[in-house]
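Observations on the model geometry
Residue strings, one per chain:
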Amino acid sequence: MTVIALEARDITLRLGDATVLDSVTMEARSGEILGIVGPNGAGKTSLLRVLAGLAHSGCMVNLGGRSLQDHDAATRARLIAYLAQGHVVEWPLAVRAVVALGRFPHRSGFGRLTAVDVAAIENAMSLTDTARFAERPITALSGGERARVMLARALATEAPVLLADEPTASLDPRHQLRVMELLRSVAGRGVAVLVTLHDLTLAARFSDRLLLLDRGRVAAAGTPESVLTSERLAAVYGVVPFEREVSARRPIVPWSLVDPGSR
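The notes below deal with the structure included here. (Residues numbered from 1 in each chain as written. Predicted model: local features only at pLDDT ≥ 70, side-chain atom pairs only at ≥ 80, totals over all residues. Heavy atoms only, no water.)

**Digging into the nonpolar core**
One finds Val99, Val149, Leu183 and Leu228 to be the most contacted residues of the largest nonpolar core, which totals 52 residues. The biggest single contributor to this core is helix H5 (residues 143-156), with 8 residues. One finds Ala8, Ile36, Ile80 and Leu194 within the second-largest nonpolar core, a separate group that totals 29 residues. (Core = buried A, V, L, I, M, F, W, Y, C linked by side-chain atoms within 4.5 Å. Buried < 20%, exposed > 50% of the residue type's maximum accessible area, 1.4 Å probe, protein only. Helix = DSSP H or I, 4+ residues; strand = E, 2+ residues; numbered from the N terminus.)

The structure is reproduced here in structure tokens:
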């Protein structure tokens with residue numbers, strides 16, 4: 001039985017005079033990866049911020065069958081883990097301490113970590129291959145290493161919904177695959193994973209369903225095969241893909257630009 005973990009209807013978000021999201025409807029299901037794709041400025045990050053309760057559009061967002069606004073901030077933080085873009089860290093905290101911040105919604109004030117907290121932290125670092133520099137200050141790490149630490153912090157929350165905004169940015173190909181395989185594993189444990197991606201090859205390979213945004217509106221939603229058609233890629237991205245079926249999947253590799261005269 002499919003369980004809808006997070007859903008929203010007719011999200012419209014305006015920032016000043018600009019309409020960033022226009023009547024966006026979506027649902028995220030437990031045990032699945034929903035890939036959110038679209039060109040720069042399509043509204044992907046804004047959508048995640050609305051779903052996380054960080055931007056208010058006035059629409060109804062339902063989390064676990066209840067309105068998001070019916071949950072207090074602490075409960076929302078336990079139910080939704082949000083991995084933002086950027087990985088900006090100003091303080092030279094040890095990696096283990098940064099990952100431990102993911103357990104803050106489960107703790108009472110600044111009390112000691114429980115055995116459950118420690119286990120969640122260790123597991124998150126093991127999954128993201130960050131345990132080997134657990135005692136190093138995060139400011140001494142490379143951009144790719146910091147990205148994995150911030151993912152570990154989100155995973156340590158052990159929330160039933162994970163929102164990940166461009167988690168593969170700044171990672172080399174090997175670690176991009178590792179992160180996506182990890183998200184696949186997380187979804188396999190019943191978590192609803194929503195991930196924004198620019199890499200259409202990764203999106204097509206790892207997502208159960210895709211939501212394609214274009215200028216704040218839903219251009220298409222469904223399986224990767226039904227969403228990432230050659231015609232739609234030309235219309236939304238202005239690119240022609242190189243396609244070849246591999247293991248019953250159809251990897252999408254942007255190959256050339258659409259002739260401007262044909263659009």
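**Considerations on the pattern of salt bridges**
Under the counting rule described, the total for this entry stands at 14 salt bridges. Here glutamate 32 and arginine 29 are joined by a salt bridge, their closest N and O atoms 3.9 Å apart. Aspartate 117 is the partner of arginine 103 in a salt bridge, and the nearest nitrogen-oxygen pair spans 2.9 Å. Placement of arginine 103 in the loop between helix H3 (95-100) and helix H4 (115-127) and of aspartate 117 in helix H4 is noted, with a sequence separation of 14 residues between them. The same class applies to arginine 103 and to aspartate 117, which are both buried. A single network of salt bridges, built from pairs that share partners, joins Glu27, Arg29, Glu32 and Arg209. (Salt bridge = Lys/Arg side-chain N within 4 Å of Asp/Glu carboxyl O.)

**Points about H4**
Compared with an ideal rise of 1.5 Å per residue, which puts 13 residues at 18 Å, H4 spans 18 Å between its outermost C-alpha atoms and is within 8% of the ideal. Inspection of H4 places Asp117, Ala120, Ile121, Ala124 and Met125 among the buried residues, and these make up the whole buried set. Buried residues along H4 cover an arc of 130 degrees about the axis, so they all sit on one side. Away from its buried face, by an angle of more than 90 degrees, H4 presents the exposed residues Ala115, Val116 and Ser126. Looking at the packing, one finds that the buried side of H4 touches H3 and H5. Two residues or fewer after H4 comes aspartate 129, characterised by a positive phi angle close to 60 degrees. (Expected span 1.5 Å × (residues − 1). Arc of directions from axis to C-beta. Contact = heavy atoms within 4.5 Å.)

**Re the environment of threonine 45**
Considering the arrangement of structural elements, one finds threonine 45 in helix H1 (residues 44-51). Threonine 45 sits in the partly exposed class, given a relative accessible area of 28%. Between the C-alpha atom of threonine 45 and that of alanine 84, which follows or precedes it by 39 residues, the distance is 8.4 Å. In this structure, threonine 45 is in contact with Tyr82, Gln85 and Asp165, ignoring residues within four places of it in sequence.

Keep in mind that these numbers describe shape and distance, not what the molecule does.
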